[in-house]
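Survey of secondary and tertiary structure
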Amino acid sequence: MTIKYTVCPHDCPDTCAWKVELEDGKITKVSGDPDHPVTRGVICSKARHYPERVYGADRILYPLRRTGSKGSGKFTRVSWDEALTEIVERWQELIRLHGAESILPYSYGGTEGIVNKASMDRRFFNKLGATQLERTICGAAGGAGYNLIYGLSQGINPLDSEHAKLIIFWGINALETNLHQAMLAKSARRKGAKIVVIDVHRNRTAKWADDFYHILPGSDGSLALGLAHIIFRDGLTDAAWADKYTNGMSDLARAATDYTPERVSALTGLAPARIEALARLYATTKPSFIRIGNGLQHHDNGGMNTWAIACLPAIVGAWRFQGGGAIKGNDGYFPLNKQALQRPDLRPTPSPRTVNMNQLGLVLTRLAPPVYSLYVYNSNPAVIAPEQALVRQGLAREDLFTVVHEQVWTDTARWADIILPATTHLEHQDLYKSYWHCILQWAEPVIPPLGEAKPNIEVFRELAARMGFVEACFEDSAEQIASQALDLAYWHEQEITFAGLRRKRFIPVNVPEAPFAAGGFSTPSGKAEIRSEKAVQQGFSAVPHHVPLVEGPETANGLYPLTLITPPNRSFLNSTFANLA
């Protein structure tokens, strides 16, 4: 038996380090790396079944060309040379007839590895002059709301949350989607901490918690403002800290006067006494920590919800303490040299048009001039993109040339004209950052590529050569790309280099125990900007307020008494892993 190590690449904040067992060169077991300070030998049930994904019958191992009708799933095997030749010839003809904007890439978080997620692909489509894609399907709204007050997506080091005395999981089913944060909370509970869940359904985390606040969908912001109302009313703010390190406390206090327990009760479905109790518990427990999830931002008012919740640690001074504050995401601790990584300077002038990935159905059916070719990788839009009926109507277009680079058979792959086999993370190199924990990681291949599978960067290198692109950046290796990504003063100051990372496999980023105890937020003022001039410039109110859902229990005359929600499935990560028995 041989032991090797890698990193989970999937769109999950834990970014676990894996220990992989092989016998005669074949993967037989996947478990957590016991030496990793966050993973601690534990991984989710989804990842433990990974050998089934790698060696399963639905793995795509060779290039394929469609032989049946669109969506029929009928293909014949071709060589890589035949597949790439057809792609390039079709694209060159489309560019001649309609311009490069007739080609659209579509990708997201199928791999979170920096090299194979967003490097050579961005360079290629920038140079091509293709239509640009806004990749906003998951965290953009909440990130925008959080950043209004704190400037960047930065919170505490999650390892410090073990020191909290109150942990609130707000809109996150941590046992299913952020397992190691739940483990840290469990450790804090053994030391006397209380765990509270605020969510729209009674999930596993809600049942496991010490207390559960079951609220109506889309009402999270009103609850946050209701808690602020009570905290201001009863003099429970940390005025001394706030006077030094926040702007706009008085503005929020005035706005919060409208959010009485009675009004918030009607908006959330919670009894006024429950709202009062939660406000006092939060304001008087030191340190307190809020883990802000993604679920609450997937509404029309998602950014506003997150902004309102993010104000709470500032008004009670939770940032003063080790383990106090919040985490929405920690991407801000991992800046990348995107100029070198993605080469936006390669785009033509004027810059090509941009479309939003959430509007793929409209793009494929109504955009003018039309998109005539779609290149899909790291994503499964036939399942995950909104308005599926419209998306599939677009994918069914006979004049749409669709290429899908994929590991396994997906709904989207069945609509392809050309399918290219992709490596799993176990078969290629990559650089990994987490959007939750604060550890940078590098992974080498565990096994050689199966069949004729190739990683994203290799395919885009070959396409660039066939398109006649002569820039040296199209010859970069994974190691060179990773080194370029880390070529910033930030990493130099941390004394983190690619060479050192490759030698050690993972390196913690230096985050102080209480990083914002004395302010220092990534805002123009360095303070928590509760009143946001940026929000005003964007046409919003200066402080957060509750925005009712377009459709939901609050609409006039109760026309929409039901609101559908999409809680995560324990066995799937969006559509990933849905193929496993």
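In case you missed it, the structure is sitting above this.
So, a few notes on the structure that sits alongside this text.

**Re the overall build of the protein chain**
Along its length, the protein chain carries 24 helices and 21 strands. Against the compact-globule benchmark of 25 Å for 581 residues, the protein chain has a radius of gyration of 24 Å, which places it among compact chains. When the backbone C-alpha atoms are referred to their principal axes, the protein chain occupies close to 70 × 55 × 45 Å. The burial tally for the protein chain puts 57% of its 581 residues in the buried class. Of all intrachain contacts in the protein chain linking residues separated by at least 6 positions in sequence, the fraction that spans at least 24 positions is 74%. Roughly 22600 Å² of accessible area belongs to the protein chain as shown, and the carbon and sulfur atoms make up 51% of that amount.

**Points about the sheet that holds strand S3 (residues 26-32)**
Read across the sheet, three strands follow the order S1-S2-S3 without closing on themselves; strand pairing throughout is antiparallel. Here the strands that pair on one side only, and so sit at the sheet edges, are strand S1 (2-7) and S3. When strand polarity is set aside, the average angle formed by the axes of neighbouring strands in this sheet is 30°. As judged from the six bridges shared by strand S2 (residues 17-23) and S3, these two strands associate in the antiparallel manner. The residue bridging Lys19 from the neighbouring strand is Ser31, located in S3.

**Describing the environment of Ala318**
The topology assignment puts Ala318 in the loop between helix H15 (302-315) and strand S13 (325-327). Here the alpha-carbon distance between Ala318 and Ser161, two residues 157 residues apart in the chain, equals 12 Å. In contact with Ala318, other than residues within four places in its own chain, are Tyr282, Ser288, Pro313, Gly324 and Gly325.

**Brief notes about the nonpolar core**
Residues Phe124 and Trp170 are the most contacted members of the largest nonpolar core, which totals 131 residues. Each residue touching Phe124, except ones within four places of it in the same chain, is listed here: Trp91, Phe460, Leu463, Ala464, Met467, Phe469 and Phe474. Among the nonpolar cores identified, the runner-up in size contains 25 residues, and Phe75, Tyr108, Leu133 and Leu374 belong to it.

**A few points about the packing of helix H10 (residues 220-233) against helix H13 (residues 261-268)**
Running from N to C, H10 and H13 cross one another at 165°; their axes reach a closest spacing of 9 Å. By the angle between their directions, the pair H10 and H13 is classed as roughly antiparallel. Between H10 and H13 lies a crossing of left-handed hand. Packed against H10, whose contacting residues are Ser222, Leu223, Gly226, His229, Ile230 and Arg233, the element H13 presents Pro261, Val264, Leu267 and Thr268 at the interface. The residue inventory of the contact of H10 with H13, partitioned by class, reads five nonpolar, four polar and one charged.

**Side note on H13**
Here H13 has its buried residues at Pro261, Val264, Ser265, Leu267 and Thr268. Burial along H13 is one-sided: seen end-on, the buried residues are contained in an arc of 165°. Of the exposed residues in H13, the ones pointing more than 90 degrees away from its buried face are Glu262 and Ala266. Residues of H13 that are buried make contact with strand S10 (211-214), H10 and helix H14 (272-284). The positive-phi residue at the C-terminal boundary of H13 is Gly269, with phi of around 90°.

**Details of the side chain of Asn380**
The residue Asn380 is located in the loop between strand S15 (373-377) and helix H18 (381-384) in this model. The class for Asn380 is buried, based on a relative accessible area of 7%. Among all residues touching Asn380, those that are not within four sequence positions of it are Thr410, Asp411, Thr412 and Ser575.

**So, helix H12 (residues 249-256)**
Every α-helix winds through 3.6 residues per turn, so residues three or four apart in the chain are directed the same way. Of the residues making up H12, those classed as buried are Met249, Asp251, Leu252 and Ala256. Down the axis of H12, the sector holding all buried residues measures 160°, keeping them to one side.

What counts as what
- Residues numbered from 1 in each chain as written.
- Predicted model: local features only at pLDDT ≥ 70, side-chain atom pairs only at ≥ 80, totals over all residues.
- Heavy atoms only, no water.
- Helix = DSSP H or I, 4+ residues; strand = E, 2+ residues; numbered from the N terminus.
- Rg over C-alpha atoms; globule rule 2.2 N^0.38 Å.
- Buried < 20%, exposed > 50% of the residue type's maximum accessible area, 1.4 Å probe, protein only.
- Contact = heavy atoms within 4.5 Å.
- Areas by Shrake-Rupley, 256 points an atom, 1.4 Å probe, with all protein chains shown as cover.
- Pairing = 2+ DSSP bridges.
- Axes fitted to C-alpha atoms, helices over the stretch in contact; angles between N-to-C directions.
- Core = buried A, V, L, I, M, F, W, Y, C linked by side-chain atoms within 4.5 Å.
- Parallel < 35°, antiparallel > 145°, perpendicular 65-115°, else oblique.
- Left-handed = near helix turned anticlockwise from the far one by under 90°.
- Nonpolar A, V, L, I, M, F, W, Y, C, P; charged D, E, K, R; others polar.
- Arc of directions from axis to C-beta.

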